[in-house]
Each structure stands twice: as structure tokens, then as C-alpha cells.
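Per-entry structural report
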Amino acid sequence: MTIKAHILSVAAVSMLTCAAAQAQDNVFKLGAIRYTTNSSTSGIKGPGVPAGADAETGDATTVILVYERTLTPNLGIELVVGIPPRIKSRAIGSVAFLGDNVLSAKNVAPTLLMNYYFGDASSTIRPYVGVGLNYTKFASVKSSLAPKVEMSDSLGAAIQAGVNYAITKQYGLFASVARVDVKSDLVAVGSTVLTTSIDFKPVTYSLGAWYRF
Amino acid sequence: MKFRIWTLAAVVSALLAACGGSDPVPGTIAPEGAPTTKGTFTALVSFGDSLSDVGAYSPATSLTGNGAAPYFGGKFTNNSATSTVWVENLATSLGLAVTPAEVGFAGQSVKCPAAAISATLAGTCTGYGQGGSRVTDPNGIGKSGGALTVPMKTQIANHLNRFGSFKSTDLIVVFGGNNDAFVQFGIFTAAATKIQTDAATGKITADAASAAIFQAQIAAQEEMKKAALELAGYVKSEILAKGGKYVAVWNLPDSTLTPFGGTLPASVKPVLTGLVDNFNLWLADGLAGQPVKIVDANTQFKDVYNNPAKYGMTNNTVPACDATKIQAITQGAVTDGSSLFCNSTPGAPFNGIRAGADVNTWQFADGVHPTTGGHKLISTETVKVLKAFGWI
């Protein structure tokens, strides 16, 4: 969590020092996010692991808070933070009998994005696309198979497409979809040592309201 | 602005890097600090099991049947006059002699019998390996049938009792844990058989059976982890800390690559392989950063299995000893074809060799133990490894 605070402060400081000539706005967005994964792994490796042992990650829903600083009428930089959802994994393949919750972790996943807004600033509907970076830390990792599990942090690209709908100049609604690069190496230490690499391939769907000031 | 976002990315990356790495994966850190110079060896001190046994159970193979010499067997190989095990071969190549630290069977034993023959041999009783011995548990394989099965923990303690400490001129070879794997595999297969019976009779579901078998495997792996860490512990606290300088520790070969392994159903082979691999993983973990050398017998053994011709072997799947002959020779007492009772002397009435077998080119004497040729292979490879260490 200290990392997240650091990123927030770094991002905040950076944004405060932006001194473009145009009128700059601050936008807060609050919404719900559906985090869907399409994970694949490198296979689970370790002494005595039966061939074909694998796992796949599940989906989760949580609340996100977005702060966006508009730099020009068409450009904005936003930081997305959320209440870390717990993502569960279930055993598949030759070890499917192990069940639905062999591994779970809370994804602390701040994302920094640069958005480009189409159209005119006064438009009611403004589509946008964004590109940026996602950092994911896996906190409170738990497994029914091993007392000690570590997952490496992930830093990867994030892209998104969304649309803002202005009810008034001050507030409105937004919806977006994003594809994020999230990969983690897992090491589970118990009676033996199991390792795998997980590519989560998440797609997120967000919906919420924004407030500009 | 592109510049700015990448600056941010750099800052974020730097922060992430600063947050520190995770713990290293167990078993991935190499030993460190073992000698790199040639030793001046005055003794070969060997701890282990049947593979390193230089004749502890000879009295069980007494031709007169009363425990007295002459013996027709006594080592886990094919026991002709020229049939030596790898520990003896290694000693010979170093210009040394090694004799059993203890010889006996069925409740009777003598420590260092060589000393009774000649006082000058008293220092040669450093072959501690015994058939059936485990790392810590004194109840080794064959104990109930009379085998001593002194565990490696006690083997090391016995050496310290006799010699006070290890010397910098001792070449110390530690090769054990195979019997822990066999015992745990036996417990696992017994549990799995019962679980499968329960599933077949409808007492439990197929998934419940799979989960129970998985748990049985985990339990066996836990025991292998324990044994491996214990062995590493003895190496540290009882050998290195007590004067041992040239210490080589063997990891375990995969016993599924033996004639015995060939008889196992394909479904359980990976379990035994896994137990061996798990032992090796935790042995490496226990010896991480320690001034020892690990001899990777596992990789070596796999290469021999896959390329027997490269090592001069023509048969690595059939035991050279004939179980039926051994049963007859022992008047029905030994039914499993154990090479302890196998002798390859041509024309001898106690010859137990299978028709057509060659103890120099067939790798195995019985289900798991090497022939004379198989032992020679181990000692030849060991000499290579010790040369690579710079020790000889």
C-alpha cells in the first residue's frame, strides 16, 4: 500500500507542475469496474505435479476512483485507483478436483493513462481513447495448497476506450473498456515448491459518474 | 507530454525496483565455499545406504549358515571376488582402502571388524553405508528381517565417536535418502490403493478420491522435505562444523529409471519421481551457501538411462540376478531376488546370475542395485566429478 501512496503522490506532483497555457480542469470520476480475466499460465511446475495441472483466474467487481487532469481540450492524464478486489483462481486440467479456490489475491492496481478526447470540448458526448501504464501488486495472497505464496509485481501497458456524457458542464456519466497487461510469476512454498507464470489478460468494463471543477 | 508520461513511468519503475525483491525460490541457491584445491586424502568416509554398502550384511550370506565366513554375498551387487561397489572403486583410485564400519545381521554386529584383523586397518572402517538405511529413522527397509539399517544421522555420530572429528584429509561422501523415498512411496501406494478401492465400491466420489490421493502425495512429499532438510542439517552441524572440509553430497537418482521402476504403473511413476525431486529440491535448499559440493546424481542417472551405450551398457531394464536361482540358493528365504544374495562366480553352486546376463554390461543386479559394471560406472563418473571440483 505504501507503493500506491508513492505513485499517487508522484502522479499528483507531476500533474501540479503541468503549466500549460490552456484552461486546465480537474475531473473526478467514481464508478464500478468489472474486472474480467482471460488468463493463461505457463503450466504449474514442481516436484510431483501431475501433467496437465493448471489453474485459471476468475472475475471480480469493485469500485474505482479516477482523478483526471485535462491538459488541453483534447488531452487528459488520469490516475485510476480502485478498492482492491480479491481475484480467485480455480484448479483446472488434471487437478480440477482441487476445486474453485486454490489461490486468491487482492489486486492493488493503480493505472496511469493519457487520454485523447475526440470532438469539441463543449460536446455532450465525447469519445476518448487512452494509453498508459498499469502497476499491479498482489496483496494478501492465499492458497489452500501452500502456506506461503508470493506473486511478483506486474508493470505493463494499458489501453482504453471510453465515452463521456455531459449532463451539465460540471457533471456527467462515463463508460469505458480497457485492456491491461498483467503478468505475475508465482512461487508457492509448502511441502514442495510450485511455480508458474500467470498472464491475466484482463479486460475491464467501467461505468460511473464524473464531476469537473 | 509523451516525455512526461514516460518520466512518470520511469519514476514508477524506480519505486517498484526500490521496494525490494521477494525471497529466492527454495532450492535455487547453490552451495558456496567448498575447497577448490587438491586434497591430500588419507581416508574415504562414506555415509549412505545400500548403494554405498561395502559389506555390512555379509553374515546374512554365510555359506555355513551360521553367520561365519565364507560369504557368498554381502554387498548389493553381484558379489564375485572382483565385484566391488563404487565406494571401494573410488577408494582404490585414491590409493586408499575402505572397509565396513559395522558388520552384522539379526541383532548381532561387530564394529570395525578390519581392526581385529590388523591394527593398521583400524582407520579404514569408514564405510558406513548400510542397505535399508534412512536419513534419520532407525527403522529402515529390512530392519524387521534383521538388517541393521543404522540411519545416516547415527552413522555420522558413530564416526565422531570413533575418530573424534572429521579431518581435512577426509574425503567425505554423503549419498542417502533413497530409502526414505521408497518408504514414503510405499505408504503412498498403500493409501492410494485403499482410496481407489473406496472409490470403486462407491464409498467416496471419484473427485473425493482424487483429492485424497493428492493429500497422500502431499504427506509423502512433506516427509521427503523433512528428510532432506535433516540430512542437510547433519552435513552442516555434524560434518562441516566438526572438521569436514572435502564434503560431497549426492542428490537422489530417479528410481523409476530402474528395473523396479519399469514394473510400476505409469500412473504412479510420477509420484516416485516427484518424491525424489522434492528431496533433491530441499536438500539443495538446506545446503544453499554451504561449503560443500552437490553431486547431481539425478541428472547423471537420467543420462545413463537415456544413453546406456554411451556408458558401455547394453541392458538397463532387466536385473542380472535371477530371483528364482536366489530363492533356491537361499532355500526359499529370499524371494525378491535381492542382489545381497547374488553371486556371479562362474560355476559356483551359489551362482545366481540370470542366463545370458553380463555383469559388466547389464547395469542392474536386481531391481534397483547396480552390477559390477553399474558400480564401475558410478565410480568412474564420480572420479570425473571430483576432478572437475579440483579435489583430485
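Residues numbered from 1 in each chain as written. Chains lettered and ligands numbered in written order. Predicted model: local features only at pLDDT ≥ 70, side-chain atom pairs only at ≥ 80, totals over all residues.

A tally of helices and strands in chain A yields 1 helix and 15 strands. Burial analysis of chain A (213 residues in total) assigns 41% to the buried set. At a minimum sequence separation of 6, the contacts of chain A that also span at least 24 residues come to 67%. (Helix = DSSP H or I, 4+ residues; strand = E, 2+ residues; numbered from the N terminus. Buried ≥ 20, exposed ≤ 12 C-beta atoms within 10 Å, placed from the backbone. Contact = placed C-beta atoms within 7 Å.)

Here we come to helix α9 (residues 297-306) of chain B. Taken as a whole, α9(B) has its buried residues at Ala297(B), Gln300(B), Phe301(B) and Val304(B). When α9(B) is viewed along its axis, its buried side chains cluster within an angular range of 95° and face the same direction. (Arc of directions from axis to C-beta.)

With that out of the way, let us pick up helix α4 (residues 152-163) of chain B. All names here are of chain B. The terminal C-alpha atoms of α4, which comprises 12 residues, lie 16 Å apart, in line with the 16 Å expected from a rise of 1.5 Å per residue. Along α4, the residues classified as buried are Met152, Lys153, Gln155, Ile156 and His159. Looking at the packing, one finds that the buried side of α4 touches β1 (43-48) and α6 (206-239). Phi turns positive, to about 85°, at glycine 164, one or two residues after α4. (Expected span 1.5 Å × (residues − 1).)

All names here are of chain B. Taking strand neighbours across the sheet as the criterion, the 4 strands line up as β1-β4-β5-β6 in an open arrangement whose pairing is parallel. A single partner strand is all that each edge strand has here, and the edge strands are β1 and β6 (293-295). The sheet shows a mean angle of 20° between the axes of neighbouring strands, taken without regard to direction. Of the strand pairs in this sheet, strand β4 (residues 170-175) and strand β5 (residues 246-250) are connected by 4 bridges, and their pairing is parallel. Counterpart to leucine 171 in the pairing with β5 is tyrosine 246. (Pairing = 2+ DSSP bridges. Axes fitted to C-alpha atoms, helices over the stretch in contact; angles between N-to-C directions.)

Each strand in a sheet pairs with another by means of backbone hydrogen bonds, the pair being arranged parallel or else antiparallel. Residue and element names in this part refer to chain A. Across the sheet, 4 strands lie side by side as β2-β14-β13-β10; this open sheet has antiparallel pairing. Of all strands in the sheet, those bounded by a partner on one side alone are β2 (40-41) and β10 (148-151). When β2 meets strand β14 (residues 193-199), the two strands line up antiparallel, connected through 2 bridges. Along β14, the bridge assignment pairs threonine 41 with isoleucine 198.

This part is about the environment of Lys293(B). All names here are of chain B. Positionally, lysine 293 belongs in strand β6. Placed 260 residues apart in sequence, lysine 293 and glycine 33 show a C-alpha to C-alpha distance of 8.8 Å. When sequence neighbours within four positions are dropped, the list of residues in contact with lysine 293 reads Pro31, Ala34, Ala248 and Phe389.

As a note on interpretation, predicted positions should not be read in detail where pLDDT is low. Put simply, chain A has an average pLDDT of 89, and 89% of its residues get 70 or more. Every residue in residues 1-22 of chain A is under pLDDT 50, and counting partners more than four places away or in other chains gives 30 contacts. (pLDDT = per-residue confidence, 0-100.)

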